[in-house]
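This is what each chain is made of:
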Amino acid sequence: QSERGKGTRFEITLPVTLAIIRALVVGVSSRTYAVPLNSVLEILAVGTEEIRTIERREVITLRGLTLPLVRLSRFFGIPEEKKPGKMFVVVVGLAQDRLGIAIDDLVGQQDIVIKSPGNGRPAVRGSAGATDLGNQRTVLVLDVGAIIEEVLSGEPLREAAG
């Protein structure tokens, strides 16, 4: 609103669907994703020899406990770029559930604005929305709860005795 001789007043209305959070920015197969930092428990460097398969699911052992593992590239159905040596595993948790998310690169931490797709449901399975990281790079923000629920929805993992 402008009034000659008095000045101009600007009013900005932000949609309710926006939320600002701190996120861990990660790389997977030349793509970038944001993981809400409030669900990240720890980050590990894991060698491929440390990954086992139990009941057709990949797992790692973390402090004596079996931790289910999901490769983010496989979850989103994107081709994996095989890298020798260690991979990073972001251990995430929601309530008592824990999951390791295998990624290729750690980019850093950043405050992000999440824009949800609207309609009350995610546009992409496993995502809570998207964010702009600058330089016109839009990336998906992971919905850690949905990923944990989908990956752990099968029977509990049981290791064979002896």
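For the structure, check the block above.
Residues numbered from 1 in each chain as written. Predicted model: local features only at pLDDT ≥ 70, side-chain atom pairs only at ≥ 80, totals over all residues. Heavy atoms only, no water.

The next subject is the sheet that holds strand β6 (residues 52–54). If you trace the six strands from one edge of the open sheet to the other, you get β5-β9-β10-β8-β7-β6, paired in mixed fashion. If you trace the sheet from one side to the other, it starts and ends with β5 (40–47) and β6, each paired once. Put simply, the sheet's adjacent strands are angled 40° from each other on average, direction ignored. Relative to strand β10 (residues 97–103), strand β9 (residues 86–94) runs antiparallel, the two sharing seven bridges. Looking at β10, one finds that Val91 is bridged to Gly100. Sheet strands touched by helix α2 (residues 144–152): β7 (57–62), β8 (65–71), β9 and β10. Its angle to β10, the strand with the most contacts, is close to 100°. (Pairing = 2+ DSSP bridges. Helix = DSSP H or I, 4+ residues; strand = E, 2+ residues; numbered from the N terminus. Axes fitted to C-alpha atoms, helices over the stretch in contact; angles between N-to-C directions. Contact = heavy atoms within 4.5 Å.)

Ranked by size, the top nonpolar core spans 21 residues in total, and within it Tyr33, Val35, Leu72, Val92 and Leu99 carry the most contacts. Looking at this core, the elements with two or more residues in it are β3 (18–28), β4 (31–36), α1 (72–75), β9, β10 and α2. Those residues in contact with Leu72, other than ones at most four positions away along the chain, are Val28, Tyr33, Ile101, Ala102, Ile103 and Leu142. Membership of the second largest hydrophobic core comes to 11 residues, among which are Ile60, Leu62, Met87 and Ala102. (Core = buried A, V, L, I, M, F, W, Y, C linked by side-chain atoms within 4.5 Å. Buried < 20%, exposed > 50% of the residue type's maximum accessible area, 1.4 Å probe, protein only.)

Another point: the pairing of β9. Alignment of β5 against β9, held across seven bridges, turns out to be antiparallel. Within the sheet, the bridge partner assigned to Glu42 lies in β9 and is Val91. Taking the residues that link successive antiparallel strands as the turn, the β9-β10 hairpin has two residues, and the phi of Ala95 there is positive, at about 55°.

The residue Ser29 is not glycine, and still its phi comes out positive at about 50°. Tracing the backbone shows Ser29 in the loop between β3 and β4. If you check the backbone angles, Arg56 has positive phi at about 65° while not being a glycine. Here Arg56 is to be found in the loop between β6 and β7.

What the rule picks out here adds up to two aromatic pairs. An angle of 5° between the planes, with centres 5.1 Å apart, marks the rings of Tyr33 and Phe76 as stacked. Residue Tyr33 is found in strand β4, and its partner Phe76 is found in the loop between α1 and β9; the two are separated by 43 residues along the sequence. In this pair, the class of Tyr33 matches that of Phe76, namely buried. With centroids separated by 5.2 Å and ring planes inclined at 90°, the aromatic side chains of Phe75 and Phe76 adopt a geometry described as edge-to-face. Classification of Phe75 as buried rests on a relative accessible area of 6%. Overall, the relative accessible area of 16% leaves Phe76 in the buried class. What links up through ring pairs into an aromatic cluster is the set Tyr33, Phe75 and Phe76. Here Arg125 stacks its cationic end above the ring of Phe75, 4.0 Å away from the centre of that ring. (Phe/Tyr/Trp six-rings, centres within 6.5 Å; stacked < 30°, edge-to-face > 60°. Lys NZ or Arg CZ within 6 Å of the ring centre and 35° of its normal.)

Per the counting criterion, the structure on display carries 10 salt bridges. Its salt-bridge partner being Arg9, residue Glu11 comes within 2.8 Å of it at the nearest N-O pair. The salt bridge involving Arg63 is made with Glu42; its shortest N-O contact spans 2.4 Å. Note that Arg63 is positioned in the loop between β7 and β8 and Glu42 in strand β5, a separation of 21 residues in sequence. Look at Arg63 and you get exposed, because its relative accessible area is 63%. What emerges from the salt-bridge pattern is a single network uniting Glu58, Arg71, Arg74 and Glu80. (Salt bridge = Lys/Arg side-chain N within 4 Å of Asp/Glu carboxyl O.)

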